[in-house]
Amino acid sequence: MLERRELLISMAVVAVVTTSGCSPLAADAAAQAPVRGTPGSAGVGDSIFPGAGNGGYDVAHYALDLTVEPKSRAALSGTSTITAKATQNLSRFNLDLSRLTVERVEVDGTTAKFSRKGNELTITPSNPIAKGAKFATVITYHGTPKVLPGLIGGSQDGWIKTDDGAFVMGEPLGAMTWHPVNNTVHDPATYDVAVTVPAGLTGVSNGRYVGKESADFGRNTFRWSNRTQTIPYAATLAVGKFTLETGKTKAGVPIVNAVDPRHHASSRKALEEIPAIIAWGEKLFGPYPVDSAGAIIDHAPKIGAALETIGRPVYGKTPTSTVMAHEYAHQWFGNSVRFSDWSQIWLNEGFATYAMWMWDEERGRATTQEWFDGVYRVPAEDKFWAPVPGKPATGKELFGDPVYYRGAMVLHKVRQAVGDKVFSKILKAWTAEHRNRTAVIEQFISLTEKMSGKPTRKIFDVWLFGKGKPKKP
Ligand SMILES: [Zn+2]
């Protein structure tokens, strides 16, 4: 099933590339021939979040034109224009949306019927959409976004309110708290975000900063254009008092940092490290896969998490450069190479955590061996050793320490077995082979065996899929 989905995705990518800008034939055919469609599925069958995402179409682009009034009852209002391509003859299709009120839906310029049930927004166009046809859905909506409870006690998922606005950390499912979305890693898309905010506030998103314009009633509109294929949880929006600071990476990728003034002084050191972190990542993991860089540092002291939102990770307080290295590593491991099912999240978190250890080693703070030894000292009877990091069984286990820290230990053992040189070659081959695609753990295991000529599978059996604390470090 996973294999099949991968194939679909890669075929869809090929199709988009080959037909971009020249679809009139398909559109004509769709307009002339009466089509009998069937409903797109209301989920993509993920083993942990079966209802997330939808089938029957493939989103190419989200154009969001939003107004955020942090002090108003309808804090968020606007339109989302979703350009997609039907992957079947489609009588109706779903998007994921949590709570917000939908006012109107149009498909290709004609009003469409819609209904709501839970987080499913079901849209029935006036005529079925032919397989292969590109279509545009415009959704007008408003409301006060409500964050979802996170999977780990006290954490939050989605639209997180701050004292001067809000920011979005949408992993795993929170993307649907701020816009109607195909909420699955199997449907990445590009984004344009225009956000209009009261004077004195700044709206920030991913991608390149296009500019600021004055809008009515003393508001300002901030425009962002993100041309990197982005999975929904890696898209963000932040509104509040921010200073925008610009720069460039060593390779010339534009950097925009949005910093809450309360964190200006404390964030200098870490922000200055961004070009070095990216250059270090390119040396170890291959070309930086995003067309923008930076950080969003907001003021949310109670939020302990950071999220690798594409090119521009978001932090609720000043991060250390160690945390930044983790979030930047995710640009390769998670945002570009994507797991194909949430139960495979080790491909994200194990790698980003080990990268963080490697960055500390690079900076002379702690060696990877010291990190490893520190984790191995956790007593065998601790529940840290109970879950299987390579196969979290429930949503709660996805973001637990075993996936991250035992996950990083696996890569340390592999690196020791194959040597630094081969290890780096493996990582580069991995990010190249699966760039902008999904992958499964088994493929990584095979790659390590193939490239090293060593029986590394045993390491994964013990450290990634084993139960309990391994007898020897
Ligand atoms: Zn992470």
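Bear in mind the structure is a predicted one, so any value in this text is a computation, not a measurement. (Residues numbered from 1 in each chain as written. Predicted model: local features only at pLDDT ≥ 70, side-chain atom pairs only at ≥ 80, totals over all residues. Heavy atoms only, no water.)

A few points about the sheet that holds strand β11 (residues 165–169)
At step 1: With antiparallel pairing, the five strands of this open sheet are ordered in space as β9-β10-β11-β16-β13. Pairing within the sheet leaves two strands with one partner each, and these edge strands are β9 (148–149) and β13 (202–205).
At step 2: The pairing of β9 with strand β10 (residues 156–162) spans two bridges and is antiparallel. From the neighbouring strand, P149 faces β10, where its bridge partner is Q156. (Pairing = 2+ DSSP bridges. Helix = DSSP H or I, 4+ residues; strand = E, 2+ residues; numbered from the N terminus.)

Examining helix α4 (residues 274–285)
Helical geometry: 3.6 residues make up each α-helical turn, so side chains three or four residues apart lie on a common side.
At step 1: The end-to-end C-alpha distance of α4 is 16 Å, a good match for the 16 Å that 12 residues give at a rise of 1.5 Å each.
At step 2: Summarising burial for α4: nine of the 12 residues are buried, a large majority.
At step 3: Buried within α4 are the following residues: I274, P275, A276, I277, I278, W280, G281, L284 and F285.
At step 4: Directly after α4, the chain includes G286, whose backbone phi takes a positive value near 105 degrees. (Expected span 1.5 Å × (residues − 1). Buried < 20%, exposed > 50% of the residue type's maximum accessible area, 1.4 Å probe, protein only.)

A look at the packing of aromatic side chains
Each aromatic ring pair is summarised here by two numbers: the centre-to-centre distance and the angle between the ring planes.
At step 1: Applying the stated criterion across every chain yields a total of 29 aromatic pairs.
At step 2: Taken together, a centroid distance of 4.7 Å and an interplanar angle of 55 degrees make the contact between F339 and W342 tilted.
At step 3: The buried category is assigned to W342, whose relative accessible area is 6%.
At step 4: Between W346 and F460, the ring centres sit 6.1 Å apart and the planes meet at 85 degrees, which makes this aromatic pair edge-to-face. Here the residue W346 occupies a position in helix α6 (residues 346–362), and F460 occupies one in helix α12 (residues 457–463), the gap between them amounting to 114 residues. Comparing W346 with F460 shows no difference in burial state: the two are buried.
At step 5: Of the aromatic side chains, those joined through ring pairs into one cluster are W280, F285, Y288, Y328, W332, F333, W346, F351, W359, W430, F444 and F460. (Phe/Tyr/Trp six-rings, centres within 6.5 Å; stacked < 30°, edge-to-face > 60°.)

Overview of the pattern of salt bridges
At step 1: For the structure shown, the criterion picks out 12 salt bridges.
At step 2: A salt bridge links R219 to E69; its shortest N-O distance comes to 2.6 Å. With R219 in strand β15 (residues 219–230) and E69 in the loop between β1 (57–68) and β2 (76–86), this residue pair connects regions lying 150 residues apart in the sequence.
At step 3: Across the pair R262 and D260 runs a salt bridge, and its minimum N-O distance is 3.0 Å.
At step 4: On the basis of relative accessibility, which here comes to 43%, the residue R262 falls in the partly exposed class.
At step 5: Judged by its relative accessible area of 0%, D260 falls in the buried class.
At step 6: Through salt bridges with shared partners, one network takes in D163, D164, D260 and R262. (Salt bridge = Lys/Arg side-chain N within 4 Å of Asp/Glu carboxyl O.)

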